[in-house]
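# Overview (structure and organization)
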Amino acid sequence: MKPEINIFYIAENFALENFANKNWSKAQSVSLTKYWSGEDAPPERGATVRLLWTDANLLVRFDCQQHEPFVVSQNPQTDFETKNLWERDVCEIFIAPDLERPEKYFEFEVAPTGEWLDYAILQLAERREVDTTYNAGIRTLAQISENSFSVIFSIGWNAFGKKPKPSDEWPGNLFRCVGTGKNRGYLAWQPTLAAVPNFHVPQAFGRFIFNKSNSN
């Protein structure tokens, strides 16, 4: 069985601007504690991820520890995509809307500054095809605090070409990049176990399961 994350349904479309919105307490909390290699990451680089879905959107939230200098743009802009965002501190989700085709997925990245990037990916055995013109209409919110930061982003279902139904399973993975140079860290919910840092390994994807309600 592939590792799973439950994404619980929320009837209301709540405002991204409210980090304290009570709906986030209904989401399953998932910890990022390991690097892509499977080695343990230090707690001061840890992250907690929560996902929710509504009739209109997929909602993703990262709450990250940050006990080292931020690697971010000094002049951030959020009106359009930021190229090469993966070279800085960033939170990422890869998600495939077809359980039978995990190699065809979407990549979303958001920085502590709220900057973002979205790509459509086809990962084949011999090459990777990247559609950099893909535009998901992503909306982001970011908040930096002492020794931590949080990001929230919202993606409409049109970006995936379909809306999930309760009990649907979509393959995917969650990541965080932090630090610079030899101290660069690449955290993964499901370690890809690649020879070098590499998130683009669909075979390592877990499952995002869309549930109608949280019974807890």
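The structure presented is a predicted model; accordingly, all values stated were derived computationally and were not measured.

Describing an aromatic ring pair means giving the distance of the ring centres and the angle of the ring planes. All told, the structure shown has 22 aromatic pairs when counted by the stated rule. Ring centres of Trp53 and Phe210 lie 5.5 Å apart, and the angle between their planes is 85 degrees; on these two criteria the pair is classed as edge-to-face. Remark: Phe210 occurs in strand 13 (residues 206-211) and Trp53 occurs in strand 3 (residues 47-53); sequence separation between them is 157 residues. Each of the two residues, Trp53 as well as Phe210, counts as buried. Ring centres of Phe108 and Phe160 lie 5.8 Å apart, and the angle between their planes is 65 degrees; on these two criteria the pair is classed as edge-to-face. A residue pair is termed long-range when its members are at least 10 positions apart, and Phe108 in strand 6 (residues 104-110) and Phe160 in the loop between strand 10 (148-156) and strand 11 (169-178) qualify at 52 residues. Assessed through its relative accessible area of 6%, Phe160 is described here as buried. Joined through ring pairs, the aromatic side chains of Tyr9, Trp53, Phe106, Phe108, Tyr134, Trp157, Phe160, Trp170 and Phe210 make up one cluster. Across the ring face of Tyr9, the terminal group of Lys212 is positioned such that the distance to the ring centre comes to 3.8 Å.

Let's shift gears to the environment of Thr54. By the secondary structure assignment, Thr54 is in the loop between strand 3 and strand 4 (57-65). For Thr54 and Ile7, which are 47 residues apart along the polypeptide, the C-alpha to C-alpha distance reads 10.0 Å. Residues contacting Thr54, with those up to four places away along its chain left out, are Tyr9, Ile10, Glu12, Asn13, Leu59 and Trp157. In this structure the side chain of Thr54 is engaged in a polar contact, spanning 3.1 Å, whose partner is the backbone nitrogen of Ala56.

On to the pattern of salt bridges, then. Summed over all chains, the structure comprises 13 salt bridges. In this structure, the salt-bridge partner of Glu115 is Arg88, at a minimum N-O distance of 3.9 Å. Separated by 27 residues along the polypeptide, Glu115 in the loop between strand 6 and strand 7 (116-123) and Arg88 in the loop between strand 4 and strand 5 (90-95) bring together distant segments of the chain. Owing to a relative accessible area of 2%, Glu115 belongs among the buried residues under this scheme. A salt bridge links Glu129 to Arg127; its shortest N-O distance comes to 2.6 Å.

Parameters at a glance
Residues numbered from 1 in each chain as written. Predicted model: local features only at pLDDT ≥ 70, side-chain atom pairs only at ≥ 80, totals over all residues. Heavy atoms only, no water. Phe/Tyr/Trp six-rings, centres within 6.5 Å; stacked < 30°, edge-to-face > 60°. Helix = DSSP H or I, 4+ residues; strand = E, 2+ residues; numbered from the N terminus. Buried < 20%, exposed > 50% of the residue type's maximum accessible area, 1.4 Å probe, protein only. Lys NZ or Arg CZ within 6 Å of the ring centre and 35° of its normal. Contact = heavy atoms within 4.5 Å. Polar contact = N/O pair within 3.5 Å; in protein donor to acceptor, adjacent residues only side chain to side chain. Salt bridge = Lys/Arg side-chain N within 4 Å of Asp/Glu carboxyl O.

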